[in-house]
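Spelled out, the chains give:
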Amino acid sequence: MTYRQARWNERLLIELSKKGRIGYVPPPSIEGDVELKIPSELRREHLDLPSLSELQVVRHFVRLSQMNFSVDTGMYPLGSCTMKYNPKLNDRIASSEKVEFAHPYQPHSSVQGLLSILYELSVCLAEITGMDEVNLQPAAGAQGELAGVLIIRKYHEVRGELDRRREIIIPDSAHGTNPASAAMANFDVVTVPSDERGIVDYEKLKGLVTDRTAGMMMTVPNTLGLFERDVLRIAKLIHEHGALMYYDGANLNAILGRVRPGKLGFDIVHLNLHKTFSTPHGGGGPGAGPIAVKSFLKDYLPVPVLRMTPDGHLEWVHNLPHTIGQLKGGYGNIGVLVRAYSYILTLGPNGLREVSEQAVVSSNYLMNQLNQEFYRISFAEGVPRKHEFVVSAKPLAARGSSAQQVAKALLDTGFHAPTVYFPLIVEEAMMIEPTESEPREVLDEYASILNSVGKKAFENPALYKHAPQNTAVGPLDEVKASHPLTLTLNWKGLRRSNEG
Amino acid sequence: MKKYSHLLPNESEIELMLKASGHNSIDELYSDVPPEVMEDAPLNIPGPLTQMEIERKIGKILSTDGASQDNPPFLGGGIWPHYVPPAVRMIISRSEFYTSYTPYQAEVSQGILQALFEFQSLICDLMKMDAANASMYDWPSAAAEACRMAMRYKGRKRVLLASNSGFERRSVISTYLRGAGVEPEEVGFDPVTGLLDEGELEQKIGEDVAALYVEHPNFFGCVETGIKRIERIVHEKGALLIVGVEPTSLGILTPPGEYGADIAVGEGQPLGIPMNYGGPSLGLFAARGDLAFIRQMPGRIIGMTTEKGGDRRGFAMVLQTREQHIRRERATSNICTNQSLMAVAAAAYLSLLGSEGVRKLAKVITSNAHYTVKRINEVGKYEVPYFKGEFYSDFTVKQTTGKHGSELFNSLRSMNLFGGVPLSWFYKGYEDISLFSVTEVHTKDDVDRLVEALRKVA
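Residues numbered from 1 in each chain as written. Chains lettered and ligands numbered in written order. Predicted model: local features only at pLDDT ≥ 70, side-chain atom pairs only at ≥ 80, totals over all residues.

**Digging into the overall build of chain A**
Our working definition: Each helix is a run of DSSP H or I of at least 4 residues and each strand a run of E of at least 2, with the numbering of both proceeding from the N terminus. Throughout, radius of gyration means the C-alpha value; the globule benchmark is 2.2 Å times the number of residues raised to the power 0.38. Residue burial here comes from a neighbour count, namely the number of other C-beta atoms, placed from the backbone, that lie within 10 Å of the residue's own C-beta, with 20 or more meaning buried, 12 or fewer meaning exposed, and in between meaning partly exposed. Contacts here follow a simple rule: the backbone-placed C-beta atoms of the two residues must lie within 7 Å.
The secondary structure content of chain A amounts to 14 helices and 13 strands. Relative to the globule expectation of 23 Å for 500 residues, the C-alpha radius of gyration of chain A, 25 Å, shows essentially globular dimensions. By principal-axis analysis of the C-alpha atoms, chain A measures approximately 70 × 70 × 45 Å. In chain A, buried positions account for 60% of the 500 residues. In chain A, 73% of the contacts between residues at least 6 apart in sequence involve partners at least 24 apart.

Following this line, the structure appears as structure tokens:
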């Protein structure tokens, strides 16, 4: 049966607007309206927002939502994004009045319940990562990374070595956020290549580690879905040179309960609760990127930190001797953190371990079904993958098709495409992460669709040049989208309907 | 059956799946992991619990907390209590939105893309700026990224911060700039009005300054009536003006684009997002200028285009060569995950209110704040506002009895009222000054209760 995504001709809000309409009426003021005593030049004259009724607004956004692919509508196997199911219980917990109506400056004594959840969550995350101290503040993985590189920076500064330690080593298979974060702390990025095993080339690394090295950032398993089996000797090498080891938690969903980053020699870890711990991605956010450190770095954490007094009272503490400072307002994305806690409670120790095991089983199961004629397994054939794997659509590209066209063809079938063209070290890369949530028969279906698309593209390389066609829109004009002459970043300049 | 079986559909087929992929056991899939790091002992964490057990357990943990819709805090300063229209809640509960990822595949993600494009448009309309991004984490981090953008664009190393801006904004800016080896310098305020000290600004600014960050209204709630003069002082030296705003105030106040702000940032939480104990909230970020300047913006930006060779409208992420997944260490920022869902909430909120609603809301907020100030002054033991500048929703209260602000804070707490953040938390001195906030959610009963309590503790 052919898949069709909703295809509303949904106009812009300003085109639906009609003067005199309103969708929400604020309550009246307590005792008449007052005029601010300010110069007239500071008083707003024109305000030009659209006017719509409540139904119009609701219908508009519901129609838009129907033109949006999501985990709840279909398999979404974006590699390194861990698009697992987001349990509905967690949303219910996070929408509690006690969470939503709490103000960050409220007295500690009035939020002890909420604080105890955050405290418990920290303890759980420390245990899961094998680290000593956790801070829940970073709003996303990239902000966790920023916290991490600032800690590396401060650590060397306190030891009087910052002038010399200018470099962060990052594997060529790493996410773009790693080098971008390192740059935000003014470090130079040194890239270490992967070897034929698809993991860090230890021999080459030896030549790169010097007394200028401040730290090394690694993702384990890496973005190829391969476990960095040399990680222990890498950590030893880095530590011998006085540098620190940073763990990017994007791929933690492969190793819960089996391997703890703390034991691998990492000094700093960040987690993505919106990946591993099932909190929804929200079309791009919010997430949460807590960081965890070994005890020798606990005085460097962002402030405030949550502390328990001897009588069991929880409070935020703002003074830490070497703190890197504050990274965001408040204490973290609380609504996301509460969801993650609910997820941990749901699974417990054995459940979390089974989550990873089944994510890994699913990934290998799916990989094994793909036709190697079209999708070459990249690096280390025969080595089991972890939660994700990468194939190359090079055989298809050689005939004039591409990973991009396969991705677009998939969209026409009601499945989401894998991550494509990443990691950069694989040509025509397709990075697939099925997660533990997808039933086996859906994996079977995905494999069979991928194989059939591959076969058709192999035989008729031009077949998918104009895909997708069954989606809310067909292929978009990307050149026009970013060209300076046609670039349109908002509706300014468009004709406004009924607005005079 | 396990308590978590509902999350693991393939539990009973693991053997079969292993065999099909040529493996004999799960352990075999971890055979490349050094045996010395493999854990045998189970994690020491709680659970598993069923859904009902968790709901009851967490309900019980939270039951003694004081947060309640019926008892709105008199607290602001960066997060404010506001009413969230049910339509906004419903819209962001659409799981097509909240269980989707960043819209890398535009053709199947038109919903979130159009919603974010409309968010950017609404923010540009509200702030009168040329381009807004699709969200930052929150106000403080947006302010910090704005300072970094100014330094990058101007190639200058000094940044000035108005010391009457929010403590958390100033601390996060400092954290972000420290990464670049820069310590921002503060510009003080007039001790009577609470407004920026323009004389000090003139002394400190120079042609090596990238930007001034100033808030309007400022942390004391005061409208920065000198903002136009401040703009001239800043631009005369070729520096950029970065303004932090509370968005509902733009229902009354001139928008940043009209008094010459180059970058406007702010907290989007008042636009239909619950307080959530401070997060998730919503960072607003908008810029005014030519394309070379816009290109220096951090974060995702959505653009409108058409189908290839057609005229059907479509939306896609644009100017991606600024971003980390392409530019890596040369990206304008490391931001990847942002606050998209909160941006959808804000878009829904602003379209529900429209111009009339936003104007009305701003008027109600400031009227309620002025009403409360009048009532507190009637008690006779307080000087309100302490800083004399005209205020919007937040205001300062001085206890003429000389009592410490934290004493007042705790006394109110003991009467189940949350309000009066001691200014001494953020500034040296000012022991007897407290910060209060009033919005449209506060009723006459709420204010009566506050005034009665203030009378008692005076």
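**So, the domain arrangement of chain B**
Residues and elements named next belong to chain B. As a reminder, the rule being used: Domain start and stop positions are those given by an automatic or database domain assignment. Three residue categories are used. Nonpolar comprises Ala, Val, Leu, Ile, Met, Phe, Trp, Tyr, Cys and Pro, charged comprises Asp, Glu, Lys and Arg, and polar comprises the others, including Gly.
Taken domain by domain, chain B comprises domain 1 (86–349) and domain 2 (354–457). Once you take the C-alpha centre of each, domain 1 and domain 2 turn out to be 28 Å apart. Each partner contributes to the interface: domain 1 provides 15 residues, whereas domain 2 provides 18 residues. Residue composition of the side of domain 1 that touches domain 2, by class: eight nonpolar, seven polar and no charged.

**Some remarks on the sheet that holds strand β5 (residues 240–245) of chain B**
Residues and elements named next belong to chain B. Condition: Two strands form a pair only when DSSP identifies at least two bridges running between them. Helix axes are fitted to C-alpha atoms over the stretch in contact, other axes to C-alpha atoms as well, and angles between N-to-C directions run from 0 to 180 degrees.
With mixed pairing, seven strands are arranged side by side in an open sheet as β1-β7-β6-β5-β4-β2-β3. Each edge of the open sheet is held by one strand with a lone partner, namely β1 (131–132) and β3 (185–187). Of the strand pairs in this sheet, β1 and strand β7 (residues 283–287) are connected by two bridges, and their pairing is antiparallel. Paired with alanine 131 across the bridge in β7 is alanine 287. In this fold helix α7 (residues 139–154) packs onto β2 (158–162), β4 (209–215), β5, β6 (263–267) and β7, with an angle of close to 165 degrees to the strand it touches most, β6.

**Re the environment of glycine 329 of chain A**
Tracing the backbone shows glycine 329 of chain A in the loop between β9 (314–317) and α10 (334–369). With 30 C-beta atoms packed within 10 Å, glycine 329 of chain A lands in the buried category. Counting along the chain gives 96 residues from glycine 329 of chain A to isoleucine 425 of chain A, while the straight-line C-alpha distance between them is 37 Å. Setting aside residues no more than four positions away along its own chain, glycine 329 of chain A makes contact with Gly78, Asp138, Trp139, Pro140, Glu168, Gly278 and Ser281 of chain B.

**Re the confidence of the model for chain A**
Test applied: The predictor's confidence in any single residue is recorded as pLDDT, a number from 0 to 100.
For chain A, mean pLDDT is 96; residues scoring 70 or higher make up 99% of the total. A low-confidence stretch, residues 496–500 of chain A stays under pLDDT 50, and its non-local contacts, those more than four residues away or across chains, total nine contacts.

**A look at the interface of chain B and chain A**
Taken residue by residue, the interface counts 175 residues in chain B and 176 residues in chain A. In terms of residue class, the side of chain B that touches chain A is built from 86 nonpolar, 60 polar and 29 charged.

**Regarding helix α7 (residues 177–184) of chain A**
Residue and element names in this part refer to chain A. Burial analysis of α7 places eight of its eight residues in the buried class, which makes it a mostly covered element. Those residues of α7 lying buried are Thr177, Asn178, Pro179, Ala180, Ser181, Ala182, Ala183 and Met184. Positive phi shows up at asparagine 186, right after α7, with a value of about 65 degrees.

**Observations concerning the packing of helix α2 (residues 54–66) of chain A against helix α6 (residues 110–127) of chain B**
Angle between the axes and distance between the axes are the two parameters that describe a pair of packed helices. We count it as follows: Each angle gets one of four labels, with under 35 degrees taken as roughly parallel, over 145 as roughly antiparallel, 65 to 115 as roughly perpendicular, and the rest as oblique.
α6 of chain B packs onto α2 of chain A with a crossing angle of 140 degrees between their chain directions and a minimal axis gap of 6 Å. Relative to α6 of chain B, α2 of chain A is oriented oblique. On α6 of chain B, the residues touching Phe61, Leu64, Ser65 and Gln66 of chain A of α2 of chain A are Gly111, Gln114 and Ala115 of chain B.

**Details of the domain arrangement of chain A**
All names here are of chain A. What the domain assignment lists for chain A is domain 1 (90–345) and domain 2 (357–481). Relative placement of domain 1 and domain 2: their C-alpha centres are 31 Å apart. Contacts between the two partners involve 15 residues from domain 1 and, on the opposite side, 17 residues from domain 2. When grouped by side-chain class, the residues that make up the side of domain 1 that touches domain 2 number five nonpolar, seven polar and three charged.

**Describing the sheet that holds strand β4 (residues 213–219) of chain A**
Residues and elements named next belong to chain A. In space, the seven strands of this open sheet follow the order β1-β7-β6-β5-β4-β2-β3, with mixed pairing throughout. The open sheet has two free edges, formed respectively by β1 (133–135) and β3 (188–192), since each of these has just one partner strand. Within the sheet, the average angular offset between the axes of one strand and its neighbour, ignoring direction, is 25 degrees. In terms of strand pairing, strand β5 (residues 244–249) meets strand β6 (residues 268–271) through four bridges, oriented parallel. Residue pairing for β6: glycine 249 is matched across the bridge by leucine 271. Helix α5 (residues 112–129) rests against β1, β6 and β7 (291–293) of the sheet, and its axis sits at about 125 degrees to β1. Taken strand by strand, helix α6 (residues 141–158) contacts β2 (167–171), β4, β5, β6 and β7, and its axis lies near 165 degrees from that of β6.

**Some thoughts on the environment of glycine 198 of chain A**
All names here are of chain A. Assignment of secondary structure puts glycine 198 in the loop between β3 and α8 (202–208). Judged by local crowding, glycine 198 falls into the buried class, with 26 C-beta atoms found within 10 Å. Taking the C-alpha atoms as reference, glycine 198 lies 9.9 Å from valine 426; in sequence the two are 228 residues apart.

**Regarding the confidence of the model for chain B**
The predicted coordinates of low-pLDDT regions are not to be read in fine detail. Chain-level statistics for chain B give a pLDDT mean of 97 and a share of 100% at 70 or above. Across the whole predicted complex the pTM is 0.98, and at the interface the ipTM reaches 0.97.

**Things to note about the packing of α10 of chain A against helix α13 (residues 440–459) of chain A**
All names here are of chain A. Formally: Definitions for this section: a left-handed crossing has its near helix turned counterclockwise from the far helix by less than a right angle. A right-handed crossing has that turn clockwise.
Direction vectors running N to C along α10 and α13 enclose 30 degrees, while the axes themselves pass 9 Å from each other. The angle between α10 and α13 falls in the class roughly parallel. As for how α10 packs across α13, the hand of that crossing is right-handed. Contacts between α10 and α13 involve Ser362, Tyr365, Leu366 and Gln369 from the first element and Leu443, Tyr446 and Ala447 from the second. Each residue belonging to the contact of α10 with α13 can be placed in one class, and the counts come to five nonpolar, two polar and no charged.

**A closer look at the pairing of strand β8 (residues 305–308) of chain A**
Residue and element names in this part refer to chain A. When β8 meets β9, the two strands line up antiparallel, connected through four bridges. Bridged to leucine 306 within β9 is tryptophan 316. Linking two consecutive strands that pair antiparallel, namely β8 and β9, is a turn of five residues; a positive phi of about 85 degrees is found at glycine 312 within it.

**Some words on unusual backbone geometry**
That bond from glycine 47 of chain B to proline 48 of chain B is cis: its omega, 0 degrees, falls within 30 degrees of zero. Mapped onto the fold, proline 48 of chain B is located in the loop between α2 (26–29) and α3 (51–62). In this structure, proline 385 of chain B follows valine 384 of chain B across a cis peptide bond, with omega equal to -10 degrees. The phi dihedral of threonine 435 of chain A falls on the positive side, at around 65 degrees, and the residue is not glycine. If you trace the backbone, threonine 435 of chain A turns up in the loop between β13 (429–432) and α13. Of note in this structure, tyrosine 430 of chain B is not a glycine but carries a positive phi near 55 degrees.

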